[in-house]
Amino acid sequence: MAQVSLRKIVKEYEGGVQAVKGIDLEIADHEFVVLVGPSGCGKSTTLRMIAGLEEISGGEIDIGGAVVNDVPPRDRDIAMVFQNYALYPHMSVRENMAFGLMLRKFPKAEIDRRVNEAARILDIGVLLDRKPKALSGGQRQRVAMGRAIVRDPKVFLFDEPLSNLDAKLRVQMRTEIKKVHQTVRTTTIYVTHDQVEAMTLADRVVVMNHGVIEQVGPPQELYHHPRTRFVAGFIGSPAMNFIPAKVEARGAGLVLLLPQGTELAVPEHRVARYQPYAGKSVTFGIRPEHLTDTQNVNKPHVAFLTLTPEVIEPMGMETLAHIKLEGAEVCARLDPLVEAAPGVPLPLAADMNNMHLIDDATGLVI
Amino acid sequence: MSATARPSEMVPGLGRRVGSLRSERRWALWTAYISLIIAAIVMLAPPLYMLLTSIKTSAEIANLEGNPWLVLAPTWENYAAIIGNPMFRGFFYNSIILTVCVVVITMVISVLAAFALARMKFFGSQVLATGVFLTYLVPDTLLFIPLYQIVGGLGLLNSIWGLVLVYPTLTVPFCTWIMIGYFASIPKELDEAALIDGANWMQMLTKIFIPVALPGIIAATIFAFTVSWAAFVYPTAFITRPDEMPLTIGVVSQLIRGDTFAWGQLMAGALIAALPPVVVYAFLMDYYIAGLTAGATKG
Ligand SMILES: Nc1ncnc2c1ncn2[C@@H]1O[C@H](COP(=O)(O)OP(=O)(O)OP(=O)(O)O)[C@@H](O)[C@H]1O
Ligand SMILES: [Mg+2]
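Along every chain, residues carry numbers that run from 1 in the direction the sequence is written. A letter from A marks each chain and a number from 1 marks each ligand, given out in the order of writing. Reporting of local features is limited, given that this is a predicted model, to residues whose pLDDT is at least 70; pairs of side-chain atoms are given and counted only at 80 or more, and all residues count toward the totals for whole chains, interfaces and linings. With hydrogens and water stripped out, all remaining heavy atoms of the structure feed into the side-chain values.

A. Representation of the overall build of chain A in the model. Each helix is a run of H or I in the DSSP string that is no shorter than four residues. Each strand is a run of E no shorter than two, and both are numbered from the N terminus. Check the secondary structure of chain A and you find nine helices and 21 strands. C-alpha atoms of chain A, sized along the principal axes, occupy 80 × 45 × 35 Å. Put simply, chain A has 366 residues, and 53% of those count as buried. Long-range pairs, those at least 24 residues apart, make up 67% of the contacts in chain A with a sequence separation of at least 6. Using a 1.4 Å probe, the Shrake-Rupley method yields the accessible areas, and only the shown protein chains count as cover for residues. A total accessible area of about 15700 Å² is found for chain A, and carbon and sulfur atoms account for 51% of it. Buried residues are those whose accessible area, probed at 1.4 Å on protein chains only, stays under 20% of the maximum for their type, while exposed residues exceed 50% and partly exposed ones sit between those limits. Note on definitions: a residue-residue contact is assigned when non-hydrogen atoms from the two residues lie within 4.5 Å.

In structure tokens:
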């Protein structure tokens, strides 16, 4: 078990493509860190540099207190689970799991003990003598994890391990991975493009975009206090609404002027923060769950507005209303009992305590 | 466009379509069987004729009357003569030594070369891979003259060891090319998993690549075996001493004296010579067909 530090890590592929542009990251012992971001943002590249499968163009990687830049993968004491499992097709499940230990000349009894222990944790005891082609996708995924667990490495690396599974199995395996981590407590770096996976699994989430880290933090912090518009829009589903707005002074306070003319009062404890933007255009960000129907809204700092939904989507436990505004698509979450119909004006309540303002010039949340 | 289903029209239409599918399939089967039967007749007629000739007496072979496809007095005398002939046993032995050596040398070189060319990206590896294949396109009838010089210079004319040296020039390029294809189809993650598991290049080759690419290795082995067992041009050119001859030229050169053809023995010898390839094919085909790569990754 070990901590991992990335210091100014750069990856430049032949042809001058900078896939990773100097990232810094400290990962503590036992921590579960998830790298998340859109396709092509450099997550896999970062992970593969940690694994030693990709040369590092610049910076330093430190695993357990030693710089490993020039250490080959086999000597880094890491284990990796691949998206397509990468099981050895000619070996049984048992041999697949034992392979790494055999190459490291572990005694037979110790190999057996570890394989059986991993099989118990993952509940694949009955599959031990099968070949990978006789396993389902979820079972192969478990074997791939078993192969990592038996090695008892310093660090687990996962590259989108669940994206080949169907939706239901993905949720199940997600829980499984979390359980395994709670059992073995190995430092884990997990790559995914699925923000739900990131939120549910991570101690800390690292949001990447275009080869840089946008923000690092615990899931709740990223959710409630995104630092940039990118993070605000990436984390959360359905995504945060972004509405062009203008900040205007009204007496001692401030209001947000929306495109169709509605004014929303800014809570007084935020006035000082937003004062410098008075008279300027900004982007108003609000999550769908903070833009609701008008029942049960006797909280402070609620602003009311009426919008006309275009599409109503009943989800069962809630109903989503999609509204088209000038320059923005807005989504509101309604109680399923509220009567809403497309084209019929709908009174809505915006919880202004959970509002965000984004500086359009910098993309930063104010 | 409307996709409204009108049952009254759909059902008969559907029935017709199923019927036409069935008759189409029947047609396909018929055509397949007819072409296969024609092919089988064309392919099997010569060996059958050899077999028939080999169990005839010389007198019966020489008799030009009657149907040559009928055997009136079957006899084993040709086989007995061939097997009892120590010279023929020598040819057989030479062929076996030669072929085993060539297959081993070929497979060692081409597996190692293909692994390097398919997986270790080094300067010029692409050009080299193409080059290997291009050398295969040069016909051996063109190569044997310069090779005669080389083998002669080495003092290996009239020795099967000269052939052991020369045959790999025919087999290695093609076998390497086959193996590059098989190795390239092994997912990259498999090597990476092995690297992380602690394998070095040699272990990756022996413990992952060779077992996973076994069908390819068997295909290449069959090829090398066939080329080496059946080669005719090189031994004809390089070997004149009977005790160093392999089967292919031994049978021909010893059983044809001037214009006297010992047809019965020739055919018996040729059939015995054809036996090892048949046995090898029969044994290896099962492995060859069993797809071993299934289940490496999803899909
Ligand atoms: N071998 C390579 N040569 C050149 N460019 C590459 C290579 N591998 C990746 N890239 C580029 O580097 C960038 C980052 O790739 P990477 O695989 O790390 O993305 P990712 O975040 O894992 O995306 P995904 O979610 O699609 O897996 C991409 O723009 C990609 O095109
Ligand atoms: Mg990736």
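B. Quick peek at the pattern of salt bridges. Salt bridges are defined as contacts in which a side-chain nitrogen from Lys or Arg sits within 4 Å of a carboxyl oxygen from Asp or Glu. A full pass over the atoms with the stated rule returns 21 salt bridges over all chains. A salt bridge links Arg7(A) to Glu60(A), with the shortest nitrogen-to-oxygen separation between them at 3.2 Å. With Arg7(A) in strand E1 (residues 4-13) and Glu60(A) in strand E4 (residues 58-63), this pair connects stretches of sequence that are 53 residues apart. Here Arg151(A) ties to Asp197(B) by a salt bridge, and the two come within 3.5 Å at their closest N and O atoms. Highlighted residues: Arg151(A) in helix H4 (residues 137-151) and Asp197(B) in helix H9 (residues 188-197), drawn from two different chains. By relative accessible area, which is 6% here, Arg151(A) ends up buried. Salt bridges sharing partners connect three or more residues here, namely Arg7(A), Glu60(A) and Asp62(A).

C. How the structure looks around the nonpolar core. For the purposes of this section, nonpolar cores are sets of buried Ala, Val, Leu, Ile, Met, Phe, Trp, Tyr and Cys residues that join through side-chain atoms within 4.5 Å. In this structure, Ile61(A), Leu157(A), Ile189(A), Phe183(B) and Ile208(B) are the most contacted members of the largest nonpolar core, which totals 95 residues. Ranked by residue count, the leading element in this core is helix H4 (residues 86-119) of chain B, at 11 residues.

D. Just the pairing of strand E17 (residues 309-314) of chain A, in detail. Residue and element names in this part refer to chain A. One ladder, built from five bridges, connects E17 with strand E18 (residues 319-325); its direction is antiparallel. The partner of Val311 across the bridge, within E18, is His322. Two strands pair under a simple rule: DSSP has to find at least two bridges between them. Hairpin remark: E17 followed by E18, antiparallel, with four residues in the connecting loop; positive phi at Gly316, about 105°.

E. View of the sheet that holds strand E5 (residues 66-67) of chain A. Residues and elements named next belong to chain A. With antiparallel pairing, four strands are arranged side by side in an open sheet as E2-E1-E4-E5. Only two strands of the sheet have a single neighbouring strand rather than two, namely strand E2 (17-27) and E5. Lying on the sheet, helix H1 (residues 43-51) is in contact with E1, E2 and E4; it crosses E1 at an angle near 115°. To define axes, lines are fitted to C-alpha atoms, for helices over the stretch in contact only, and angles between the resulting N-to-C directions are given on a 0 to 180 degree scale.

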